[in-house]
Amino acid sequence: GSCAVVIVAAGSGQRLGFGVPKARVPLAGQPMLLLAIRGVIKTGVAAQICVAITADDPELAVICASGAHEALAAGILFSVVDGGAERSDSVAAALAVVAQGVETVMIHDAARPLTPSGVFHRVAGALRDGAKAVIPALAVVDTIKTVEPAQLPATGAGVEKVVGTPARQVLRAVQTPQGFKLATLRQAHAHALTLTPSELAAITDDAMMVEALGEEVFVVQGSTHSLKITSPTDLLLAEALLEGPLR
Ligand code: C5P
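About the criteria used
- Residues numbered from 1 in each chain as written.
- Predicted model: local features only at pLDDT ≥ 70, side-chain atom pairs only at ≥ 80, totals over all residues.
- UniProt positions renumbered as here; feature names shortened; annotations may be inferred.
- Near = placed C-beta within 6 Å.
- Helix = DSSP H or I, 4+ residues; strand = E, 2+ residues; numbered from the N terminus.
- Nonpolar A, V, L, I, M, F, W, Y, C, P; charged D, E, K, R; others polar.
- Axes fitted to C-alpha atoms, helices over the stretch in contact; angles between N-to-C directions.
- Parallel < 35°, antiparallel > 145°, perpendicular 65-115°, else oblique.
- Left-handed = near helix turned anticlockwise from the far one by under 90°.
- Contact = placed C-beta atoms within 7 Å.
- Core = buried A, V, L, I, M, F, W, Y, C linked by C-beta atoms within 7 Å.
- Buried ≥ 20, exposed ≤ 12 C-beta atoms within 10 Å, placed from the backbone.

The name that an unreviewed UniProt entry assigns to the protein chain is 2-C-methyl-D-erythritol 4-phosphate cytidylyltransferase, with the source organism given as Arthrobacter psychrochitiniphilus. Per UniProt, the comment on the protein chain under Function (unreviewed entry) is "Catalyzes the formation of 4-diphosphocytidyl-2-C-methyl-D-erythritol from CTP and 2-C-methyl-D-erythritol 4-phosphate (MEP)." Note on the protein chain: under the UniProt heading Pathway (unreviewed entry), the record states "Isoprenoid biosynthesis; isopentenyl diphosphate biosynthesis via DXP pathway; isopentenyl diphosphate from 1-deoxy-D-xylulose 5-phosphate: step 2/6."

Set out below in structure tokens:
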């Protein structure tokens, strides 16, 4: 079945400290969003690319126009929508413009512009093999703790304390693109309309919405090149990956 890839690019990206929306931050001279669009075009999996951007950002619109030109040259339908306040709102806006005949959808962060084609192909392969939901992930290298607010005994200074340590062997760090049967993701978004605002705020990826339906979410191997560019150090690493021999 044909596949639409949604690129969510409507975040503010303030943690990067560039003073411009993250999608416009240049990586080796190219805006992050344009690199993300080119990365998706190159995979060959997309019949349609839908980009969700911040409304009223003329410079982002210009970047999208370049992306549209390159996508159309590759025979890929290209759509742009205004993103929403939460990431899931941006995804919902994009789902509303998915073309007739599309059967599967992948949701991809613009903040992961270096994701290798192989990751898209692994996600597409699992969808072909019958998964309704599939996510790329990596084993975690750090031990992860759950914490709660606490105070140091002598001074009462506000810190945190450990509540638990999940077994590292079964933990995975989740990336994008996350792939779904379109009908399943639409059903998940419809179900999300019944959640309270605090329940909604606790949803940090698309797969969680599908998990809430009780559907199985399958996992394929991600990539260290799929890093989510969030901090200035991520930007340094991404530029090294883009220009250096590791590419
Ligand atoms: O903020 P965070 O790094 O989790 O954002 C992940 C991705 O979701 C980014 O590519 C960002 O542009 C996108 N996003 C969005 N709409 C929002 C918030 C985030 O498209 N309201």
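Let us keep going from here.
K.L.:
Mind showing me how you'd approach the site of the ligand here?
P.N.:
Close contacts around the ligand come from 18 residues, with Val-8, Ala-10, Gly-11, Ser-90 and Asp-109 the closest. When residues of the shell around the ligand are traced back to their parent elements, those giving at least two are strand E1 (2-9) and helix H3 (87-95). Its residues assigned to classes, the shell around the ligand shows eight nonpolar, five polar and five charged.

K.L.:
Just to check I follow, could you spell out the packing of H3 against helix H5 (residues 182-192) for this structure?
P.N.:
The angle between the axes and the distance between the axes are what describe a pair of packed helices. With their axes 11 Å apart at the nearest point, H3 and H5 run at an angle of 130° to one another. Judged on the interaxial angle alone, H5 and H3 are oblique. Crossing hand, H3 versus H5: left-handed. Touching Ser-88, Ala-92 and Leu-95 of H3 are Leu-185, Arg-186, His-189 and Ala-192, all from H5. Here the residues of the contact of H3 with H5 are counted per class, giving four nonpolar, two polar and one charged.

K.L.:
For this particular structure, what's the right way to read the nonpolar core?
P.N.:
Grouped burial of nonpolar side chains is what soluble globular proteins tend to show. Core analysis: the biggest nonpolar cluster contains 61 residues, and Val-6, Ile-7 and Ile-49 have the highest contact counts within it. The element best represented in this core is helix H1 (residues 32-43), accounting for eight residues. With residues near it in sequence (within four places) discarded, Ile-49 still touches Val-5, Ile-7, Ile-37, Val-40, Ala-71, Ile-76 and Phe-78.

K.L.:
What is the right way to look at the UniProt feature "site: Positions MEP for the nucleophilic attack" (unreviewed entry) in the protein chain in this model?
P.N.:
The UniProt record marks Arg-168 and Lys-228 with the feature "site: Positions MEP for the nucleophilic attack" (unreviewed entry), using the residue numbering of this structure. Overall, the presence of 12 C-beta atoms within 10 Å leaves Arg-168 in the exposed class. With near-sequence residues (within four places) excluded, Arg-168 lies in contact with Val-140, Thr-143 and Ile-144. Residue position: Lys-228 is located in the loop between strand E12 (218-221) and helix H8 (232-243). Leave out the neighbours within four places in its chain, and Lys-228 touches Asp-109, Ala-111 and Arg-112.

K.L.:
Looking at this model, I keep getting lost on unusual backbone geometry. Mind explaining?
P.N.:
Most peptide bonds take the trans form, and the phi angle of most residues other than glycine is negative. A cis geometry characterises the amide bond from Thr-176 onward to Pro-177, with omega recorded as 10°. Within the element layout of this structure, Pro-177 appears in the loop between strand E10 (172-174) and strand E11 (178-181).

K.L.:
Which parts of the structure should I look at to understand H3?
P.N.:
Ser-88, Ser-90, Val-91, Ala-92, Ala-94 and Leu-95 are the residues of H3 that are buried. Looking at the buried side of H3, the elements it contacts are E1, strand E4 (48-53), strand E5 (77-82), strand E6 (102-109), H5 and helix H7 (206-211).

K.L.:
When you look at the UniProt feature "site: Transition state stabilizer" (unreviewed entry) in the protein chain in this model, what are you seeing that I'm missing?
P.N.:
The sites that carry the UniProt feature "site: Transition state stabilizer" (unreviewed entry) are, in the present numbering, Arg-15 and Lys-22. Tracing the backbone shows Arg-15 in the loop between E1 and strand E2 (26-27). Residue Arg-15 is classed as partly exposed on the basis of its 13 C-beta neighbours within 10 Å. If we ignore the near neighbours within four places in the chain, the residues touching Arg-15 are Thr-230 and Ser-231. The exposure class of Lys-22 is buried, given the 24 C-beta atoms found within 10 Å.

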